[in-house]
Amino acid sequence: MNLSPTAVNAAFAAIDRERAELVAGARDNRGVQENRARLTLGRLPETIEEYRYLIRHETKSLTQLDAVEQVREATRKLLVDGRIVLAPSVDRTKMTGSVHFKELGEHVLELAGWQRRPIKPNGSGGRI
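Just so we're clear, the structure is a prediction, and the values are computed from it rather than from any experiment.

Okay, the overall build of the protein chain next. From N to C terminus, the protein chain includes four helices and two strands. Seen in sequence order, the protein chain has helices and strands lined up from the N terminus as α-α-α-β-β-α. Counting across all 128 residues of the protein chain, residues that qualify as buried make up 3%. Relative to all contacts within the protein chain whose residues are 6 or more apart in sequence, the contacts with residues 24 or more apart total 15%.

Next comes the structure, spelled out in structure tokens:
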């Protein structure tokens, strides 16, 4: 390319202006991010206390017998045979067993009171 020196200098000047604008914008954004981080850190004790409250409250709800029974029954409905069978390992350091859950579609149909029926062929694919 054969550009005149004035055109090249004008292009470099435009590039320098754009670069200066980008750097200034980045500095402005950095200040916003630092302020957001300071605000978040400032709220940390409040956030921790809120989590403690929620954990205490939810733990208490788990000790209510009716809630435990509802969870137990809901889990039982998701199991294929309605039970989980566990057995201790030989050295009795862990429990082993298998759990088989129903497929989500089957569970939803059961909740709606519906059942899947096997699809009977309508004669297509037979002998010609």
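Across four bridges, the pairing between strand E1 (residues 85-88) and strand E2 (residues 95-98) is antiparallel. Within the sheet, the bridge partner assigned to Val-85 lies in E2 and is Ser-98.

This part covers the pattern of salt bridges. Applying the stated criterion to the full structure yields four salt bridges. For the salt bridge of Glu-46 with Arg-43, the shortest nitrogen-to-oxygen distance reads 3.8 Å. Through salt bridges with shared partners, a single ionic network connects Glu-49, Arg-52 and Arg-56.

Attention shifts here to a nonpolar patch on the surface. Where nonpolar side chains cluster on the molecular surface, the patch consists of Leu-78, Ile-84, Leu-86, Met-95, Val-99 and Phe-101 and spans about 550 Å² of accessible area. Counting through the fold element by element, Ile-84 comes out in the loop between helix H3 (65-78) and E1.

Confidence in the prediction of the protein chain, expressed as mean pLDDT, is 78, and 84% of residues score 70 or more. By mean pLDDT, the top-scoring element of the protein chain is helix H2 (residues 44-62) (83), and the lowest-scoring one is helix H4 (residues 104-112) (75).

On to unusual backbone geometry. Glycine aside, the phi torsion of most residues is negative, and most peptide linkages are trans. At Arg-92, a residue that is not glycine, the phi angle is positive and equals roughly 60 degrees. Assignment of secondary structure puts Arg-92 in the loop between E1 and E2. Classification of Arg-92 by relative accessible area gives exposed; the value is 65%.

Analysis parameters
Residues numbered from 1 in each chain as written. Predicted model: local features only at pLDDT ≥ 70, side-chain atom pairs only at ≥ 80, totals over all residues. Heavy atoms only, no water. Helix = DSSP H or I, 4+ residues; strand = E, 2+ residues; numbered from the N terminus. Buried < 20%, exposed > 50% of the residue type's maximum accessible area, 1.4 Å probe, protein only. Contact = heavy atoms within 4.5 Å. Pairing = 2+ DSSP bridges. Salt bridge = Lys/Arg side-chain N within 4 Å of Asp/Glu carboxyl O. Patch = residues over 30% accessible without salt bridge, like charges linked within 9 Å, V, L, I, M, F, W, Y side chains within 5 Å. Areas by Shrake-Rupley, 256 points an atom, 1.4 Å probe, with all protein chains shown as cover. pLDDT = per-residue confidence, 0-100.

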